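# Tertiary structure, described
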Amino acid sequence: MQNILQEPIEDYLNEKSNNFGGNSLADKFRNQFPQQIEKIIIDKIRFKVIGSPGKGNWTECPWIAILDTLITETPQKGYYPVLLFRSDMTGVYLSLNQGVTDVIENYKREAKSVLKLRAEDFRAKLDIGKTNLVEKIQLHSSTKNAKHYEAGNIIAKFYSSDNLPNNEELRSDILKFLNYYENLTYSDTSFSEEPEYGFEKKQIRLHKRIERNSNISKKVKKIKGYQCEACSMNFRDKYGELGDKYIEAHHLIPISTLGIGKFRVDYKNDFAILCSNCHSMIHRLKDPSDLEQLKKIVLKNFT
Ligand SMILES: [Zn+2]
Ligand SMILES: [Zn+2]
């Protein structure tokens, strides 16, 4: 796996003077390198590894990103660990960084400041204490993307070209960064924090993140429709146009079994379609995965 770092460091600058189309090193960035990293990830459905030597032409700082699809489906948005090469190939960073394209589009000239602020905020949440990780990275490139990646860096580990890590080190560093990635996700305080029967906060957050992931819920709704499975309420019936295609997806996998690397998506069987009231109520059950019990309660109190 060390070749993921070594080959670009040794060959990228040479290859860059060759044609981009059909170049084998460029192709490795898109296929072989990501596949090698995928091998060390337990949950291959949830995580997606994407590498890029540039689009249409060589980029100055090629990269390979590991995306948690619960956070983002694309490297243009969100945050994720990424191997980022310096343009002069004097080294490579394993960086917990942010998708810059989306921020540039939304904030234009303020984008760099926004990325820096967010990075600071993320760092505060991580609270990693004293390590050999760095807050500032230097990609030795003046391209717009490189400058924004520098601003977006949350934390990074630097590997100098004359001191690359061996397989085991790189593997363990990547796993460490995936762990930071998870911690960041679960320290996200945008979710309400009502205590729910002593599950770990982490697990509740993962549950909510799964439910609030629009890609997942879109697919679930497509399969299951828009009528509450517990009380048969349909928002369209009650609110007309306003309620059209509104419903919530509830993840039925017991929260206590959720954890790192354990999440699998089964759109058909793992979710219930519920109205907002029933969704709140199922979360008050001792076992929020017990849809049958909620149905019974609704039936029993039906007037
Ligand atoms: Zn309902
Ligand atoms: Zn739920």
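Residues numbered from 1 in each chain as written. Chains lettered and ligands numbered in written order. Predicted model: local features only at pLDDT ≥ 70, side-chain atom pairs only at ≥ 80, totals over all residues. Heavy atoms only, no water.

Coordination angles at a metal have ideal targets, namely 109.5 degrees for four tetrahedral donors and 90 or 180 degrees for six octahedral donors. Protein-derived ligands of the zinc ion (ligand 2) are H207 (NE2), E211 (OE), E211 (OE), H250 (ND1), H279 (NE2) and H283 (NE2), with the metal-ligand distances lying across 2.0 to 2.7 Å. For the zinc ion (ligand 2), the six donor atoms in the first shell make angles of 58 to 161° at the metal, so the coordination geometry reads as irregular. Expressed as a motif, the donor residue spacing for the zinc ion (ligand 2) is H-x3-E-x38-H-x28-H-x3-H. Considered together, H279 and H283 belong to a single accessibility category, that of buried residues. (Donors = N, O, S within 2.8 Å, 3.2 Å for Na, K, Ca; no water. Tetrahedral: all angles 85-135°; square planar, octahedral: opposite > 155°, others 65-115°. Buried < 20%, exposed > 50% of the residue type's maximum accessible area, 1.4 Å probe, protein only.)

What follows deals with the domain arrangement of the protein. As far as domains go, the protein holds domain 1 (3-186) and domain 2 (201-300). Its C-alpha centre places domain 1 at a distance of 35 Å from the equivalent point of domain 2. (Domains from an automatic or database assignment.)

Attention now moves to the coordination of the zinc ion (ligand 1). Within the protein, C228 (SG), C231 (SG), C275 (SG) and C278 (SG) serve as the donor atoms for the zinc ion (ligand 1), at 2.2 to 2.3 Å. Every donor counted, the four donor atoms about the zinc ion (ligand 1) form angles of 104 to 118° at the centre, which fits tetrahedral coordination. The sequence motif formed by the donor residues of the zinc ion (ligand 1) is C-x2-C-x43-C-x2-C. One end of the pair, C228, is in the loop between α9 (214-224) and α10 (235-239); the other, C278, is in helix α11 (residues 276-282), with 50 residues separating them in the sequence. By relative accessible area, which is 3% here, C228 ends up buried. (Helix = DSSP H or I, 4+ residues; strand = E, 2+ residues; numbered from the N terminus.)

All right, on to the packing of helix α5 (residues 111-126) against helix α6 (residues 144-152) then. Axis separation between α5 and α6 bottoms out at 7 Å; the angle between their running directions is 30°. As summarised for this structure, α5 and α6 are arranged roughly parallel, according to the angle between their axes. Contact residues: A111, K112, L115, K116 and A119 in α5; K147, H148, A151 and G152 in α6. Looking at the contact of α5 with α6 residue by residue, the class counts come to four nonpolar, two polar and three charged. (Axes fitted to C-alpha atoms, helices over the stretch in contact; angles between N-to-C directions. Parallel < 35°, antiparallel > 145°, perpendicular 65-115°, else oblique. Contact = heavy atoms within 4.5 Å. Nonpolar A, V, L, I, M, F, W, Y, C, P; charged D, E, K, R; others polar.)

So, about the pattern of salt bridges. Under the criterion given, the structure shown has 13 salt bridges. Salt-bridge contacts for E7 lead to K28; the nearest nitrogen and oxygen are separated by 2.7 Å. Here K28 lies in helix α2 (residues 24-30) and E7 lies in helix α1 (residues 3-15), a separation of 21 residues in the sequence. Here R236 makes a salt bridge to D244, at a shortest N to O gap of 3.4 Å. Residues joined in a network through salt bridges with shared partners are K157, D173 and K176. (Salt bridge = Lys/Arg side-chain N within 4 Å of Asp/Glu carboxyl O.)

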